[in-house]
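Letter by letter, the chains look like this.
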Amino acid sequence: DGKTFMTCPLIPDFSRQQMVTPTQPYISVVPTLVVRENPVVNILCVNPGSFEIFDPYGRLIQSGQFTPGAHNAFEVHLPAMQGVYVFQLSESSGLQRTVKVLVE
């Protein structure tokens with residue numbers, strides 16, 4: 001019908017049966033709200049890159065490299081302390097992103 005809609009920067013690619021994979025550079029962190037009892041998030045990515053995590057006081061608490069793993073995700077464990085943590089993400093394609101994660 002010729003209609004277009006704004007969506008996220010993912011383009012479905014049905015390269016495997018019933019599996020949608022991103023085809024453009026993409027980085028994100030999910031979920032952005034976790035509980036202290038299980039402060040685990042995933043960096044979603046299609047290319048490798050690096051990350052830095054800052055605590056609520058602006059101190060660097062963790063840094064490292066991420067690579068696409070199972071389901072294009074890389075698991076990260078945050079401290080079991082309440083607060084807002086800031087992820088600085090840099091992907092090998094040059095894409096950069098800042099994501100806030102709240103630990104309740």
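The coordinates are above.
For every chain, the first residue of the written sequence is number 1, and numbering continues from 1 onward in sequence order. pLDDT decides what is reported in this predicted model: residues at 70 or higher carry local features, side-chain atom pairs at 80 or more are listed and counted, and totals for whole chains, interfaces and linings draw on all residues regardless. Side-chain descriptors were evaluated using all non-hydrogen atoms of the structure, hydrogens and water having been removed beforehand.

With respect to the overall build of the protein chain
Where we set the bar: Helix and strand assignments come from DSSP, with helices taken as H or I runs of at least 4 residues and strands as E runs of at least 2, each series counted from the N terminus. Whether two residues touch is decided by their heavy atoms; if any such pair falls within 4.5 Å, the residues are in contact. Using a 1.4 Å probe, accessible areas were evaluated by the Shrake-Rupley method; residue-level cover was limited to the displayed protein chains.
Of regular secondary structure, the protein chain possesses zero helices and eight strands. Listed by position from the N terminus, the elements making up the protein chain come as β-β-β-β-β-β-β-β. In the protein chain, 48% of the contacts between residues at least 6 apart in sequence involve partners at least 24 apart. About 6900 Å² of surface is accessible on the protein chain, with carbon and sulfur atoms providing 53% of the total.

A short note on the pairing of strand 7 (residues 83–91)
As a reminder, the rule being used: Residue burial is assigned from relative accessible area. The probe radius is 1.4 Å, only protein chains are included, and a residue is buried under 20% of its type maximum, exposed over 50%, and partly exposed in between. Here, any two strands with at least 2 DSSP bridges between them count as paired.
Burial of strand 7 is one-sided: the residues Gly83, Tyr85, Phe87, Leu89 and Glu91 facing one way are buried, the residues Val84, Val86, Gln88 and Ser90 facing the other way are not. Note: strand 4 (residues 49–54) against strand 7, six bridges, orientation antiparallel. Opposite Phe51, over in strand 7, you have Leu89 as the bridge partner. Pairing analysis gives eight bridges linking strand 7 to strand 8 (residues 96–103), with the strands arranged antiparallel. Within strand 8, the residue paired with Leu89 across the bridge is Arg97.

Focus on the side chain of Ser28
The following threshold applies: Identification of polar contacts relies on pairs of N or O atoms within 3.5 Å, with a donor-acceptor requirement for protein atoms, meaning one able to donate a hydrogen and the other able to accept it, and with residues adjacent in sequence counted only if both atoms are side-chain atoms.
Relative to the helices and strands, Ser28 resides in strand 1 (residues 27–30). Since its relative accessible area comes to 8%, Ser28 is described here as buried. Reaching out from Ser28, the side chain makes a polar contact with the side chain of Arg97 at a distance of 3.2 Å.

Some words on the environment of Val99
Tracing the backbone shows Val99 in strand 8. Among the residues examined, Val99 registers a relative accessible area of 6% and is labelled buried. Sequence separation between Val99 and Phe87 is 12 residues; the distance between their C-alpha atoms is 5.1 Å. Once you skip the residues sitting within four places of it in the chain, Val99 turns out to touch Val29, Thr32, Tyr85, Val86, Phe87 and Leu89.

Comments concerning the pattern of salt bridges
We apply this condition: Each reported salt bridge corresponds to a side-chain nitrogen of Lys or Arg within 4 Å of a carboxyl oxygen of Asp or Glu.
Applying the stated criterion across every chain yields a total of one salt bridge. Put simply, Arg59 and Asp55 hold a salt bridge, and the shortest N to O gap is 2.8 Å.

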